[in-house]
Amino acid sequence: MDWHKAYNGKLNATTFLLRVKINGKNLCLVGFEDNIYAVGAICPHAGADLSGGWCSDGKLICPFHRYSYDIKTGKGDPGQNDYIDTYPVQVRDDGVYIGMHSFTDKIKMMFK
Ligand code: FES
């Protein structure tokens, strides 16, 4: 797994949404209850920017049609039958990092 710096410095992990771009992917950093999560920023329903939504009860709510996604698992609410990708996060002294599988990792997983 490769770790990519998504934010320089410290983020206060109270509730916030911050859109970042890593390796060409649009991601959303979510601060919620003293933790930071990273999820895909594009809503699978119709492509809205989830970083324009809000976080409530551990769910990221889309600003367009209010579909909601668990920020830990990425699962959409029952009945939506969809999900958003989730990524591991490390808070280091110099910033916030997001873990992403490298191309080599993906090939290895395919042949396990
Ligand atoms: S675009 Fe997100 S719920 Fe419709």
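This text gives an overview of the structure that appears in the document.

Conventions and cut-offs
- Residues numbered from 1 in each chain as written.
- Predicted model: local features only at pLDDT ≥ 70, side-chain atom pairs only at ≥ 80, totals over all residues.
- Heavy atoms only, no water.
- Core = buried A, V, L, I, M, F, W, Y, C linked by side-chain atoms within 4.5 Å.
- Buried < 20%, exposed > 50% of the residue type's maximum accessible area, 1.4 Å probe, protein only.
- Helix = DSSP H or I, 4+ residues; strand = E, 2+ residues; numbered from the N terminus.
- Contact = heavy atoms within 4.5 Å.
- Pairing = 2+ DSSP bridges.
- Patch = residues over 30% accessible without salt bridge, like charges linked within 9 Å, V, L, I, M, F, W, Y side chains within 5 Å.
- Areas by Shrake-Rupley, 256 points an atom, 1.4 Å probe, with all protein chains shown as cover.
- Salt bridge = Lys/Arg side-chain N within 4 Å of Asp/Glu carboxyl O.
- Disulfide = S-S within 2.5 Å.

### Brief notes about the nonpolar core
One finds Val 30, Leu 50, Leu 60 and Ile 71 to be the most contacted residues of the largest nonpolar core, which totals 15 residues. Those elements that place two or more of their residues in this core are β3 (25-32) and β4 (35-40). Per-element tally for this core: the top contributor is β3, with three residues. Once residues lying within four places of it in the same chain are set aside, the contact partners of Ile 71 are Val 30, Phe 32, Tyr 37, Val 39, Cys 55, Gly 58, Lys 59, Leu 60 and Thr 86. Of all hydrophobic cores here, the second largest spans 12 residues; its members include Ala 6, Ile 22, Leu 27 and Ile 98.

### Some details on the sheet that holds β3
Backbone-to-backbone hydrogen bonds join strands into a sheet, with any given pair of strands oriented parallel or antiparallel. Sheet architecture is open: four strands sit in the order β2-β3-β4-β8, paired in antiparallel fashion. A strand with exactly one partner marks an edge of an open sheet, and here the two such strands are β2 (16-22) and β8 (86-87). In this structure, β4 lies alongside β8, joined through two bridges in antiparallel fashion. Across the sheet, residue Ala 38 finds its bridge partner in β8, namely Tyr 87.

### A short note on a nonpolar patch on the surface
On the surface, Phe 103, Ile 107, Met 110 and Phe 111 cluster together into a nonpolar patch covering about 520 Å² of accessible area. Mapped onto the elements of the fold, Phe 103 is located in helix α1 (residues 103-110).

### Description of unusual backbone geometry
Phi is positive for Asp 57, close to 50 degrees, though the residue is something other than glycine. Tracing the chain through its elements places Asp 57 in the loop between β5 (54-56) and β6 (59-61). A positive phi angle is found at Asn 81, which is not glycine, with a value near 55 degrees. With respect to the element layout, Asn 81 can be found in the loop between β7 (68-70) and β8.

### Here's the deal with the state of the cysteines
Going through the model one piece at a time under the given rule, you end up with zero disulfides. Left without a disulfide partner, Cys 55 is nearest to the cysteine sulfur of Cys 28, which lies 8.9 Å away.

### A word on the pattern of salt bridges
The tally for this structure, following the rule as stated, stands at three salt bridges. In this structure, the salt-bridge partner of Arg 19 is Asp 49, at a minimum N-O distance of 2.8 Å. Of the two residues, Arg 19 is situated in strand β2 and Asp 49 in the loop between β4 and β5; the sequence distance between them amounts to 30 residues. A relative accessible area of 35% places Arg 19 in the partly exposed class. For Asp 49, a relative accessible area of 27% translates into the label partly exposed. For Lys 59, the salt bridge is made with Asp 77, and the minimal N-O distance between the two is 2.6 Å. Of this pair, Lys 59 sits in strand β6 while Asp 77 sits in the loop between β7 and β8, placing them 18 residues apart in sequence. By relative accessible area, which is 23% here, Asp 77 ends up partly exposed.

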